[in-house]
Amino acid sequence: MVARSVRFPSRARLAAVLIAAPVLLAAAACGGSSGAGPTATTAAATPTTAPAAGPSSTPDGAADVVRPAGAKKACALVPGAEIDTATGLRFADGEATESARRSVCAFAAARSGGTGLSVGVEPGERFDAKADASRRSVGVPGTEVAGLGERALFFYSDADLPEGVGGVLVQAGGSTIDVTLQGLGSQERTREAAVAIARVAVGNL
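In short, a report on the structure. (Residues numbered from 1 in each chain as written. Predicted model: local features only at pLDDT ≥ 70, side-chain atom pairs only at ≥ 80, totals over all residues. Heavy atoms only, no water.)

**Things to note about the overall build of the protein chain**
Counting secondary structure elements, the protein chain contains 5 helices and 7 strands. Seen in sequence order, the protein chain has helices and strands lined up from the N terminus as α-α-α-β-β-β-α-β-β-β-β-α. Counting every position in the protein chain, which comprises 205 residues, the buried fraction comes to 55%. Across the protein chain, contacts joining residues at least 24 apart in sequence account for 62% of those joining residues at least 6 apart. If you sum the accessible surface of the protein chain, you get close to 8100 Å²; carbon and sulfur atoms cover 53% of it. (Helix = DSSP H or I, 4+ residues; strand = E, 2+ residues; numbered from the N terminus. Buried < 20%, exposed > 50% of the residue type's maximum accessible area, 1.4 Å probe, protein only. Contact = heavy atoms within 4.5 Å. Areas by Shrake-Rupley, 256 points an atom, 1.4 Å probe, with all protein chains shown as cover.)

Structure below.
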């Protein structure tokens, strides 16, 4: 299936349905620390009002799902040197945020050459709920990514942000991994980099 640009209501909605977080990915352009709280998942840490599609308002049983003891944390899945090599980009050190259900590694755009990145990992059973939330919010199934994990979907929008925001949702090895990128300037480059980062993460599970 060929990737296509989807016009979402807003980049906030895209970030919410892809990574199910109560903060906006768009904050990555502002830089800063990612220690906003246990569910922060943006590439920077400027907290904002939770979007309607956030986990607190989505009745998908998320509160009952916890990560197994000893599960790898998100930052361990995406070491800086490995994702730099995979993408040709240069990311600053990632900053970790942890909760019982979700582990996040955020790379601030202001310190990563203008490219914001967040990588989250949750239990594998979260894939369907997160994918369904995306479908309900954007009205399309997402673009399938072949050969990545057991299942993978790509979403992208440049409706509100000329440089674009998008990412990949992957189910692999008993985990659900979401990779969200902002600032690469095109759908093709965003997809290429998101898939490359997701492959690194899957390989490190």
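**Quick notes on the sheet that holds strand β1 (residues 95-98)**
Within the open sheet, the 7 strands sit side by side as β1-β2-β3-β7-β6-β5-β4. Their pairing is antiparallel. Sheet topology places β1 and β4 (143-144) at the edges, where each strand pairs with a single neighbour. As judged from the 8 bridges shared by strand β3 (residues 116-123) and strand β7 (residues 175-182), these two strands associate in the antiparallel manner. Its bridge partner being in β7, V119 is matched across the sheet by V179. (Pairing = 2+ DSSP bridges.)

**Focus on the pattern of salt bridges**
Summed over the entire model, instances satisfying the criterion amount to 9 salt bridges. A salt bridge links D178 to R102; its shortest N-O distance comes to 2.8 Å. You can see D178 sitting in strand β7 and its partner R102 sitting in the loop between β1 and β2 (103-107), a full 76 residues away along the chain. The same class applies to D178 and to R102, which are both buried. The residue D178 makes a salt bridge to K130 at a minimum N-O spacing of 3.5 Å. Linking D178 in strand β7 with K130 in helix α4 (residues 126-138), this pair joins segments that are 48 residues apart in sequence. Neither residue differs from the other here; D178 and K130 are each classed as buried. (Salt bridge = Lys/Arg side-chain N within 4 Å of Asp/Glu carboxyl O.)

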